[in-house]
Amino acid sequence: MTLSRRDFVRFTAGTGALAALGQLGRTSAMAAPVGTYRAMVGVFLLGGNDGWNMVIPTDARHAAYLASRSQVGIPASALKPLTNSTYALHPAMAALRPLWDEGSLALVLNTGTLFAPLTKATYNARPDLRPSNLMSHPDEQGHWQGMRAREGSSDGFMGRIADRMAATPTPSLISLAGSTLAILGRQSASLAIPSTGTMIRSGVNPAMTARNNAINALADGAAYGTITDATGRSISTSYTQANTANAILSAASSVENYFLDPVTKAPLTSDIARQLIRVARMIEARGSLGHARQTFFVAQGGYDTHSHQVVLGNAATGVHADLLGDLAVALACFHRAMQAMGMAQNVTAFTMSDFGRSYRSNAQAGTDHAWGNNHLVVGGNVKPGGIFGAYPDPTLGGANDIDVSGRFIPTIAQEEYVGAIARWHGVAAADMPYVFPNWTTWSTAGRGPLGLFRV
């Protein structure tokens, strides 16, 4: 679809469209990063993924796990153990086990929002050190995407990374999940593209000449003052970016050949798969786009599993299993596509989520809002067999639980987790405090980014 410069458009957030109008006048500030191409792909699991049913201990702790999770606990016989470890994946995530065996999957245990290192004693004694509004969906999504644990954010960590990267005609920061906090920078532009179809126009009706004349006047706004001129130029830039993205998304590509159901060999149709297909398409086009670095945000919803998380009598099945199955297959296929491009070592995908779920299940065969959580990192450059952080003491009301429901205090801060990926991505040490406002807390006194990568 060709977009006319002279047509005023607004791209709807509901279709994951270009988020340019909210980014007027933003430009990038620094030279291009050095070294080989790298891409980071943040996968946000909206609603608060139950990471305790995603990564499960297989040793003596499994008995305590089953005792606390009487409604949702998965028996050992159904698990997918990870070789040479004491952990297993949810049975629906079997597609990721080959990645573990080849050394392309890492686990990060009990990570989450932290303002300062906390023990149970300091949590109880020092409310001023707690993150604000814990266990609230909007606040915790803001904490993860904005990386500010005790205040609101108007920009996100991916946007701030882009602020420190070179400007390109088509932004190298791309969302497949609409205009979201993570991609908002202070200076840089970002691009949001839909998971299906191409950029569409709205607001223009060919039969309404008066409206179109007004739209054309705004797009050619040089004669109407500085603000109108700036708006018109930004709209024109958006048209150009949309045309570029549409050409990539419409062109023939073999990428889709790697996104097939491992059993039926049918094309994947889940929304998370469609988003990752488009990420792969944009990585494939990195050369023509002039991108030395690319940053992507994708999302999968449905993880607020207060009830019916599992099917009673078969906890390995249900809503949560379906979500994790779609996620695992999509991530595995994405990694295979990167391998086919020869780019697996240059691309890292990683999960984020609002918060973890309570270790204790509830009477509705679900779990409730909690705090610490487990996460996955996929890429050809992760350390083989990498398990980072510590699984909490599973005792309800125990040393890591802030109440008696298994709401565990994280032992790894978001900054230590995501900061490791940002450093690998190419963020300079001097820029880490800009990208992560509380970086000093997590880079001193023996703290620092996790050693996720081989190099």
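Residues numbered from 1 in each chain as written. Predicted model: local features only at pLDDT ≥ 70, side-chain atom pairs only at ≥ 80, totals over all residues. Heavy atoms only, no water.

Visitor: Which residues make up the layout of surface pockets, and what are the values?
Guide: The volume enclosed by the second largest pocket comes to roughly 190 Å³. Along the walls of the second largest pocket sit D261, P262, V263, L268, T269, S270, G325, D326 and V329, which together make up its complete lining. Partitioned by chemical class, the residues of the lining of the second largest pocket number 4 nonpolar, 3 polar and 2 charged. (1 Å grid on protein atoms, 1.4 Å probe; cavity = no way out; pocket = protein on both sides within 12 Å on 5 of 7 lines; lining within 4 Å. Points joined across faces, edges and corners; volume = space filled by probe spheres on them. Nonpolar A, V, L, I, M, F, W, Y, C, P; charged D, E, K, R; others polar.)

Visitor: Any chance you could break down the side chain of R160 for me, citing the residues and the numbers?
Guide: With respect to the element layout, R160 can be found in helix α5 (residues 157–163). Judged by its relative accessible area of 0%, R160 is buried. Discounting chain neighbours no more than four positions away, the residues touching R160 are G146, M147, R148, D155, L184, G185, R186, Y434, V435 and P437. (Helix = DSSP H or I, 4+ residues; strand = E, 2+ residues; numbered from the N terminus. Buried < 20%, exposed > 50% of the residue type's maximum accessible area, 1.4 Å probe, protein only. Contact = heavy atoms within 4.5 Å.)

Visitor: Could you give an account of the nonpolar core, naming the residues involved and the relevant values?
Guide: If you look at the biggest cluster of nonpolar residues, it comprises 72 residues, and the most contacted ones within it are V41, L96, F259 and F334. Other than its neighbours up to four places away in sequence, L96 contacts L89, L105, A328, L331, A332 and L376. (Core = buried A, V, L, I, M, F, W, Y, C linked by side-chain atoms within 4.5 Å.)

Visitor: Please provide a residue-by-residue account of helix α4 (residues 137–146), values included.
Guide: Burial within α4 is extensive, with 7 of its 10 residues counted as buried. A positive phi of about 60° marks M147, the residue just after α4.

Visitor: Before we move on, could you go through the packing of helix α8 (residues 271–284) against helix α10 (residues 319–341) and cite the residues and values that matter?
Guide: The relative placement of two packed helices is expressed as an angle between their axes plus a distance between the axes. At their nearest, the axes of α8 and α10 sit 9 Å apart, and the two run at 15° to each other. Classed by the angle they form, the pair α8 and α10 counts as roughly parallel. Between α8 and α10 the crossing geometry is right-handed. In this structure, α8 uses I272, A273, L276, V279, A280, I283 and E284 to contact α10, whose residues at the interface are D326, L327, A330, L331, F334, M338 and M341. Residue composition of the contact of α8 with α10, grouped by class: 12 nonpolar, no polar and 2 charged. (Axes fitted to C-alpha atoms, helices over the stretch in contact; angles between N-to-C directions. Parallel < 35°, antiparallel > 145°, perpendicular 65-115°, else oblique. Left-handed = near helix turned anticlockwise from the far one by under 90°.)

Visitor: Please give an account of the sheet that holds strand β3 (residues 80–81) that cites residues and values.
Guide: Paired through backbone hydrogen bonds, the strands of a sheet run either parallel or antiparallel to each other. Strand order across the open sheet formed by 3 strands is β2-β4-β3, with antiparallel pairing between neighbours. Whereas interior strands pair on both sides, the edge strands pair on one side only; in this sheet they are β2 (55–57) and β3. Sheet topology note: the β3/strand β4 (residues 87–89) ladder contains 2 bridges and is antiparallel. Across the sheet, the residue bridging to P81 is A88, located in β4. (Pairing = 2+ DSSP bridges.)

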